[in-house]
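# Working through the structure, step by step
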Amino acid sequence: MSEFESEFERGLFALRQEKLDAIAALGQQRYPNQYRATHTIPQLRQAFDPLTAEQLNGTPEQPAPRIEVSIAGRIMAIRAQGKAGFATLQQNGQRLQIYVRQDAVGEDGYALYKLLDMGDHIGVSGYLFRTRTGELTIHVEKLTFLSKAMLAMPEKYHGLADVELRYRQRYVDLFANLDSREVFVKRARILRAIRSFFDARDYLEVETPMMQPIAGGAAARPFATHHNALDMDLYLRIAPELYLKRLVVGGLDRVYEINRNFRNEGISTQHNPEFTMLEFYQAYANYHDLMDLTEQLIAQVAKEVNGTTVVEFNGHTIDLANWQRLTMREAVLRACPQAQQATGRQLYELFEQHVEHTLIQPTIIYDYPTEVSPLSKAKPDDPEHVERFEFFIGGFEVGNAFSELNDPVEQRRRFQDQLAAREAGDDEAHQMDEDYVRALSYGLPPTGGEGIGIDRLTMLLTGSRSIRDVILFPLLRRQDKSAQDEGGATA
RNA sequence: GAGCUCGUAGCUCAGUCGGUAGAGCAACGCACUUUUAAUGCGUGGGUCCUGGGUUCGAUUCCCAGCGAGCUCACCA
């Protein structure tokens, strides 16, 4: 580390370096390469939290047999009192207290203890007991130094509160704010629950290109890049949709993909330029089947992750097992009764403007205007509308699904309409994908497909108001000090 | 992209109706062998985001910039 934020940090770093020398002088390695513990802290707590003080400590007349254990962790609190002291170690989001006294660890051992700082990693072995306030504690017999914190920990009571620092230095946020850690643990559980849901239904998990010559499958502006050896312009994908349907043509009747999409658009509490999308396709299913599947999926994931389908979000209590279904027309007319004569696109705009943010409880909105749905199959009795639905929870869209358009002639016509829109200035209109039309020409069975925003689902299931709270490293402007100075000089 | 708000010690925050700043934690020293936001005594630590303007004097007022948060727009 060559740059410091301040003289304070430079001084602290140098001081910690001296402490490392002193620790090495006591016979410890500065950066040992392993430590064998008998338990992780969560394992140990689970096993021994139930034991009472009497079971652990025994009585003065009859001491209990000692339970010898060893653990490793980061020091999150340390208190010395002369020739003894307590410290709290943290590992995997849980904490355990240790008690170190000179007559138990020896003079060198206690000298090492006095050289420890908040944030250091250590390993300890000893026996379990409960203090007189009842806290499960390791009575340390041997201290092993593992790694030094060369920089200051955040304030121990408030943690790291600065939102920007929490995003930029997530490594600090994660160990300093256990709530933050918990969000990402839950996110992993959400992904696991989704995978087991689809695996149990005979879906195949697949991966399709992130770099695509034509960015298709959604209306959005892509990021552009270039492959040098092939001298080929490529786009980061805005959706996997067209590739997944090619797979269904290929006979993979049920596929799903959980992966990143990239859209070169604005950033907000609900938008990050890269975000994680679940897309799944099921041959021989239509959008009504997907509505049922969606309700099952969301409720089951909630139950597996939170143990309940009820979540608190943004001041609302939401039951993810209690859904309503409305056609888009019904939903709009409820809010805007004067919109009887509105065209499809107008209806859609009214919906986005007046209805979407009011849909707090889980709601499926179905039957979309054809002109805003270039990849969806029309309703058999009504070519103005397509078999498409989106679902909304907490006031925003979480998923989008439809019966897939599988008529290559009609698909080509829709693409051409989009091209016309593009030429008229709509740079988010879909591009022509000849190979996709060719794939359809080989015969796509009737298929239902759906995309679900994993980040937004995670927001709902963790009560996070901002998408940045559920993405480990959200995109922020770079902090360039020289650029800052140049910028300042222009005035 | 637009509007509003914010930027003070490593962290969490006060404060200055314009006279170059404080607390707690963290750090350093001393005391303390069952503490747990340990305690007591003492010490050090700041380009008050950056640059300009107004002023005798700016961290404070004004302008511009940088970064962030919220709202809106675009979108999922």
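It should be noted that the structure appears before, not after, this text.
Residues numbered from 1 in each chain as written. Chains lettered and ligands numbered in written order. Predicted model: local features only at pLDDT ≥ 70, side-chain atom pairs only at ≥ 80, totals over all residues. Heavy atoms only, no water.

### Details of the overall build of chain A
- When helices and strands are counted, chain A shows 15 helices and 19 strands.
- Taken over the C-alpha trace, chain A has a radius of gyration of 29 Å; the compact-globule value for 491 residues is 23 Å, which it surpasses by more than 25%.
- Taken along the three principal axes of its C-alpha coordinates, chain A extends 85 × 60 × 45 Å.
- Of all 491 residues assigned to chain A, the portion counted as buried reaches 49%.
- The contacts of chain A with a sequence gap of at least 6 include a subset with a gap of at least 24, amounting to 66%.
- Across chain A, the mean location of the 54 positive side-chain charges is 6 Å away from that of the 70 negative side-chain charges. (Helix = DSSP H or I, 4+ residues; strand = E, 2+ residues; numbered from the N terminus. Rg over C-alpha atoms; globule rule 2.2 N^0.38 Å. Buried < 20%, exposed > 50% of the residue type's maximum accessible area, 1.4 Å probe, protein only. Contact = heavy atoms within 4.5 Å. Lys, Arg positive; Asp, Glu negative; His and termini not counted. Charge placed at Lys NZ, Arg CZ, Asp CG, Glu CD.)

### Some words on the protein's contact with RNA strand B
- Neighbouring RNA strand B are 59 residues, the closest being Arg132, Thr133, Lys156, His271 and Arg456.
- The sugar-phosphate backbone supplies 60% of the atoms of RNA strand B found within 4 Å of the protein.
- At a separation of 2.7 Å, a base oxygen of RNA strand B approaches a polar side-chain atom of Arg79.
- Interatomic distance of 3.0 Å between a side-chain N/O atom of Glu265 and a sugar or linking oxygen of RNA strand B.
- Breaking the surface near RNA strand B down by element, the ones donating at least two residues are helix 1 (7-25), strand 1 (68-81), strand 2 (84-91), strand 3 (94-101), helix 5 (163-168) and helix 15 (481-489).
- In terms of residues, the surface near RNA strand B owes the most to one element, helix 1, which gives six residues.
- Class assignment of the residues belonging to the surface near RNA strand B gives a composition of 19 nonpolar, 16 polar and 24 charged. (Near = heavy atom within 4 Å. Polar contact = N/O pair within 3.5 Å; in protein donor to acceptor, adjacent residues only side chain to side chain. Nonpolar A, V, L, I, M, F, W, Y, C, P; charged D, E, K, R; others polar.)

### Points about the side chain of Arg45
- Mapped onto the elements of the fold, Arg45 is located in helix 2 (residues 41-48).
- A distance of 2.4 Å separates the side chain of Arg45 from the backbone oxygen of Arg95, its partner in a polar contact.
- Those residues within four positions of Arg45 in sequence are excluded, and the remaining contacts are Pro50, Gln94, Arg95, Leu96 and Leu136.

### Focus on the pattern of salt bridges
- All chains considered together, the criterion is met by 29 salt bridges.
- For the salt bridge of Lys148 with Asp117, the shortest nitrogen-to-oxygen distance reads 2.9 Å. With Lys148 in the loop between strand 5 (136-147) and helix 5 and Asp117 in the loop between helix 4 (102-114) and strand 4 (121-130), the pair connects residues that are 31 residues apart, well separated along the chain.
- Under the relative-accessibility criterion, Lys148 is labelled buried at 7%. (Salt bridge = Lys/Arg side-chain N within 4 Å of Asp/Glu carboxyl O.)

### Concerning the environment of Leu350
- Mapping Leu350 onto the fold places it in helix 11 (residues 344-355).
- Those residues within four positions of Leu350 in sequence are excluded, and the remaining contacts are Val332, Cys336, Ala339, Ala342 and Val355.

### Description of unusual backbone geometry
- At Asn92, a residue that is not glycine, the phi angle is positive and equals roughly 50°.
- Secondary-structure assignment places Asn92 in the loop between strand 2 and strand 3.
- Classification of Asn92 as partly exposed rests on a relative accessible area of 44%.
- The residue Asp231 is not glycine, and still its phi comes out positive at about 45°.
- Looking at the element boundaries, Asp231 is found in the loop between strand 8 (224-227) and strand 9 (232-236).
- For Asp231, a relative accessible area of 59% corresponds to the exposed category.

### A few points about the nonpolar core
- Membership of the largest hydrophobic core comes to 45 residues, with the highest contact counts inside it found for Ile194, Phe198, Leu278, Phe280, Phe389, Phe391 and Ile393.
- Looking at this core, the element that brings in the most residues is helix 9 (residues 287-306), giving nine residues.
- In contact with Ile194, other than residues within four places in its own chain, are Ile258, Leu278, Leu297, Val301, Ile454 and Leu457.
- In this structure, Phe4, Ile71, Phe145 and Met150 belong to the second largest nonpolar core, which totals 31 residues. (Core = buried A, V, L, I, M, F, W, Y, C linked by side-chain atoms within 4.5 Å.)

### Topic: the environment of Gly250
- Here Gly250 is to be found in the loop between helix 8 (241-249) and strand 10 (254-262).
- When the C-alpha positions of Gly250 and Phe13 are compared, they lie 59 Å apart, and in sequence the two are 237 residues distant.

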